[in-house]
Amino acid sequence: MGCLCCGAAPDVGALCRRCARDVTPCDGLIPDHVRGTAESTGAEAWLVDGFGGAHAIGARCRIGRSHDGDLEVLASSVSREHAELVRTEAGWTVRDLGSRNGTFVDGVRCQGRTPLRPRALLKVGDVALWFLAEVIHEPPRAPVMATGGAGGALVRYQLVFGGAELCLVGGGDPAAGGALLSRAVGSEAWSERGLAPLEFQLLRTLCVRAHDEATSPSVVRGCVPTKQLARDLPFQSRYANEENVRQVVRRLRGVLAEAGADGVLAVAPGRGYYLACGVTVG
C-alpha cells in the first residue's frame, strides 16, 4: 500500500516523506501520545499523524487530552475537550469545543461548524493531522512488538502484589515491547496483555532496579529517578521530559490495575518511581 494521502511510496509509517512533512510532530510529541479508541473494522474515516500512524474514527469523533475521548492527543497545546468531527448527510464537519489554542482546517481557524474536504489538513493546537474521508479497506498494520514466549524469553521478571501474580516477558531489545502475564494467586491460567515499548521498558527498568536493590534497607528501594527515565526510555523524540514519563506511568498503572495489581507502581515525590513489591528473575 502506498502513502495514504498521495499514493507515493511510504517512508514515514503510512505516509510518504512529503506528506509527513506537512504534519511534522510538534515539540515533545511522541507516537504513543496520539491514540484512537475506534476499531479499524468500523472506520468511517481516518486521521493520520506526523509519525505516519493511521487512527480510525467513527461517524462522530471527539479529540482532546481527555482519556474519555475518541482520539487522545497528549500535547500541552491541546485542550481536554478540543474538537469534534461529525459525519452528516452533507459530509464531514469539524467544530472547535472552546479550546484554548483553536482548531484549523487547511490553515483557517474554525468558526462554528466547518466543512472537511476528503483530504483536509486538520490542526488541533500545535498538532497537525491528515483527515482522510475514504474508508481504507486494508488498514495499516500496527507495528509488531518483539515479544518472546514465556519459556524462552530473554527477559522474564515475576512479581506478586496483593492477590495478583505477574510475569513480565519480552526480548532483549531495549526499544521493543513485550507482554505482561497475570493471574490470581493460586490460579493456573494466565492472561496475557501486550505492552507497547514505552510501557514495557518502564516496567522492565523498574524490575531490574528492584531486583538489584532487593537487600537495600531503604523504604523506597529500587527507585529510578524520573529524569533518568526520561533519558533512558525509548521515546522517539529528543525533547522527552518528565511530563512524558508521567504519561507513560499513567498508562502502565491502568494496565497493572486491570491485572489486579493496582498500587504496585509507586512514586517517591521529587525523586522517581519504584515497585512496591519484591521481584524475582524467572
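Conventions adopted
- Residues numbered from 1 in each chain as written.
- Predicted model: local features only at pLDDT ≥ 70, side-chain atom pairs only at ≥ 80, totals over all residues.
- Heavy atoms only, no water.
- Helix = DSSP H or I, 4+ residues; strand = E, 2+ residues; numbered from the N terminus.
- Expected span 1.5 Å × (residues − 1).
- Buried < 20%, exposed > 50% of the residue type's maximum accessible area, 1.4 Å probe, protein only.
- Polar contact = N/O pair within 3.5 Å; in protein donor to acceptor, adjacent residues only side chain to side chain.
- Pairing = 2+ DSSP bridges.
- Axes fitted to C-alpha atoms, helices over the stretch in contact; angles between N-to-C directions.
- Salt bridge = Lys/Arg side-chain N within 4 Å of Asp/Glu carboxyl O.

**Focus on helix α4 (residues 242–258)**
At step 1: Along its 17 residues, α4 runs 25 Å from first to last C-alpha, staying within 8% of the 24 Å computed at 1.5 Å per residue.
At step 2: Of the residues making up α4, those classed as buried are Asn244, Val245, Gln247, Val248, Val249, Arg251, Leu252, Val255 and Leu256.
At step 3: The N-cap residue of α4 is asparagine 241: its side-chain oxygen and the backbone nitrogen of glutamate 243 are 3.1 Å apart.
At step 4: Following α4 by one or two positions, glycine 260 has its phi on the positive side, about 90 degrees.

**Here we look at the sheet that holds strand β7 (residues 91–96)**
At step 1: Spatially, six strands are ordered β1-β5-β4-β6-β7-β10 in an open sheet, and the strand pairing comes out mixed. Since the sheet does not close on itself, it has two edges, and those belong to β1 (34–36) and β10 (113–116), each with one partner. Strand-to-strand twist in this sheet, taken as the mean axis angle between neighbours without regard to direction, amounts to 20 degrees.
At step 2: Here strand β4 (residues 60–64) runs beside strand β6 (residues 83–88); their pairing, made up of four bridges, is antiparallel. Bridging from a neighbouring strand, arginine 60 pairs with valine 86 of β6.

**Overview of the pattern of salt bridges**
At step 1: Taken as a whole, this structure holds 13 salt bridges when the rule is applied.
At step 2: The salt bridge partner of glutamate 199 is arginine 35, with a shortest N-O separation of 3.1 Å. Here glutamate 199, found in helix α2 (residues 197–212), pairs with arginine 35, found in strand β1; they are 164 residues apart in sequence, far enough to count as distant.
At step 3: Residue class for arginine 35 comes out partly exposed when judged on its relative accessible area of 30%.
At step 4: With a shortest N-O distance of 2.2 Å, glutamate 258 and arginine 193 are connected by a salt bridge. Here glutamate 258 is found in helix α4, whereas its partner arginine 193 is found in strand β16 (residues 191–195), with 65 residues between them in sequence.
At step 5: Judged by its relative accessible area of 38%, arginine 193 falls in the partly exposed class.

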